Amino acid sequence: MKKKRLTSKRAADNVLTYTVLLIMAAVFLFPCLWLILASFSKTGSLYDFKGFFPRAFSFQTFIDLFTDDVNGLYPYKTWFFNTLYVAVCSSVLGTILVLLTAYVMSRFRFKGRDTLKKTTLVLGMFPGFMGMTAVYIIMTQLGLINKLESLIFFYAATTPVNYMVQKGYFDSIPNTIFEAARLDGATNLEVFTKITLPLSKPMVVYTMLTQFAWPWSDVLLPKLLLKDRNMWTVAVGLFNLPDTHFARFAAGSVFIAIPIVILYFCLVKNIVNGLTAGAVKG
């Protein structure tokens, strides 16, 4: 009788849990579904919607997105390749810098190491937009305003501060492997490139994807540093679209989200492994 009560209680708990999860999933899914349907709006204007959804649907918006730049006002194709250039370069350079930082903090003991660790933790508590004025002044002095390279330098240079997850992953690798390599005459660079990186594939994938996603969707910094319309990234370009081009905005948002979604689905195993293993130690 007691076992039957426990079974009934567990079944009721499961029903309640799954019901709440389904409701939450629907709440989060609805805006995505609405944006996708809005991207197929035939008129393209936000004011022609019937309730939440367009009155008529068409694929023309996606075609116009790459073929019609509205007399140079909305060159989505140029914005897309600008974004791709910044995201790829930032991802590669930022990944190298943050992995090197994490490796040094994990495997080397030097004076001021603990102070540096505490300082980076404190600095990571402050939002990035607090230093935007200083960033703008520095980029002006360096002559990098209205250049995509300014974004790459900023994104890559600020990533080493967030090295703790990578450090935690490196800490989980047995030290005996590194000691054996050094006994065989391997240099620190060889230990890092030939032993550490091959053993850290999930962490490398996780780092590259996170470093790619930030510039791919960021709007604040590109809007601050890029003045020429043809130098904009997709996020800035879509931000400046009027309501009469809402379908173009929705189509551009859907299209720019596709690469990130594909990457996450293809690399989800490595992402989870890298994130969970990196959280083992601080």
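That block above? That's the structure.
As a starting point, this report considers the structure included with it. (Residues numbered from 1 in each chain as written. Predicted model: local features only at pLDDT ≥ 70, side-chain atom pairs only at ≥ 80, totals over all residues. Heavy atoms only, no water.)

**Some points on the overall build of the protein chain**
(1) Moving on: Helices and strands together make up the secondary structure of the protein chain, namely 13 helices and 2 strands.
(2) Moving on: Buried positions account for 36% of the 282 residues belonging to the protein chain.
(3) Moving on: Surface summary for the protein chain: the accessible area is close to 16,800 Å², and the carbon and sulfur share equals 69%. (Helix = DSSP H or I, 4+ residues; strand = E, 2+ residues; numbered from the N terminus. Buried < 20%, exposed > 50% of the residue type's maximum accessible area, 1.4 Å probe, protein only. Areas by Shrake-Rupley, 256 points an atom, 1.4 Å probe, with all protein chains shown as cover.)

**Observations regarding the side chain of Gln211**
(1) Moving on: In this structure, Gln211 sits in helix α10 (residues 201-217).
(2) Moving on: On the accessibility criterion, Gln211 (12% relative accessible area) is buried.
(3) Moving on: Discounting residues that sit within four places of it in the chain, Gln211 has contacts with Ser90, Ser91, Gly94, Thr95 and Thr159. (Contact = heavy atoms within 4.5 Å.)

**As for unusual backbone geometry**
(1) Moving on: In this model, Asn146 sits at a positive phi of 65°, which is unusual for a non-glycine residue.
(2) Moving on: In this structure Asn146 comes out as partly exposed when scored by relative accessible area, which is 25%.

**Considering the side chain of Asp171**
(1) Moving on: Positionally, Asp171 belongs in helix α7 (residues 164-171).
(2) Moving on: Looking at Asp171, its side chain comes within polar contact range of the side chain of Lys167, at 2.8 Å. (Polar contact = N/O pair within 3.5 Å; in protein donor to acceptor, adjacent residues only side chain to side chain.)

**Comments concerning the nonpolar core**
(1) Moving on: Grouped together as the largest cluster of nonpolar side chains are 31 residues, with contacts concentrated most on Tyr76, Leu151, Trp216, Leu221 and Val234.
(2) Moving on: For Leu221, the contacting residues outside a window of four places in its chain are Met132, Val135, Leu151, Phe154 and Tyr155.
(3) Moving on: Core analysis: the next-biggest nonpolar cluster, separate from the first, contains 17 residues, Val98, Leu99, Tyr103 and Phe178 among them. (Core = buried A, V, L, I, M, F, W, Y, C linked by side-chain atoms within 4.5 Å.)

**So, the pattern of salt bridges**
(1) Moving on: What the rule picks out here adds up to 1 salt bridge.
(2) Moving on: A salt bridge links Asp171 to Lys167; the shortest N-O distance between them is 2.8 Å. Placement of the pair is Asp171 and Lys167 together in helix α7, with a separation of 4 residues, close to one helical turn. Residue Asp171 shares its accessibility class with Lys167, and that shared class is buried. (Salt bridge = Lys/Arg side-chain N within 4 Å of Asp/Glu carboxyl O.)

**Brief notes about helix α9 (residues 188-199)**
(1) Moving on: End to end, α9 covers 15 Å across 12 residues, agreeing with the expected 16 Å (1.5 Å per residue, within 8%).
(2) Moving on: Along α9, the residues classified as buried are Val191, Phe192, Ile195 and Thr196. Seen end-on, α9 carries its buried residues on one side only, within an arc spanning 130°. Seen from the open side of α9, the exposed residues pointing more than 90 degrees away from its buried face are Leu189, Lys194 and Pro198.
(3) Moving on: Residues of α9 that are buried make contact with α3 (76-107), α7 and α8 (175-183). (Expected span 1.5 Å × (residues − 1). Arc of directions from axis to C-beta.)

**Details of the packing of aromatic side chains**
(1) Moving on: Scanning all chains against the criterion turns up 17 aromatic pairs.
(2) Moving on: Taking the centre distance of 6.4 Å and the plane angle of 55° together, the rings of Tyr103 and Phe178 count as tilted. Here the residue Tyr103 occupies a position in helix α3, and Phe178 occupies one in helix α8, the gap between them amounting to 75 residues. Comparing Tyr103 with Phe178 shows no difference in burial state: the two are buried.
(3) Moving on: Feature note: the residues Phe66, Tyr76, Phe80, Phe81, Phe212, Trp216 and Phe255 constitute an aromatic cluster, connected by ring pairs. (Phe/Tyr/Trp six-rings, centres within 6.5 Å; stacked < 30°, edge-to-face > 60°.)

**Details of the environment of Gly168**
(1) Moving on: Locating Gly168 in the fold gives a position in helix α7.
(2) Moving on: We classify Gly168 as buried; its relative accessible area is 0%.

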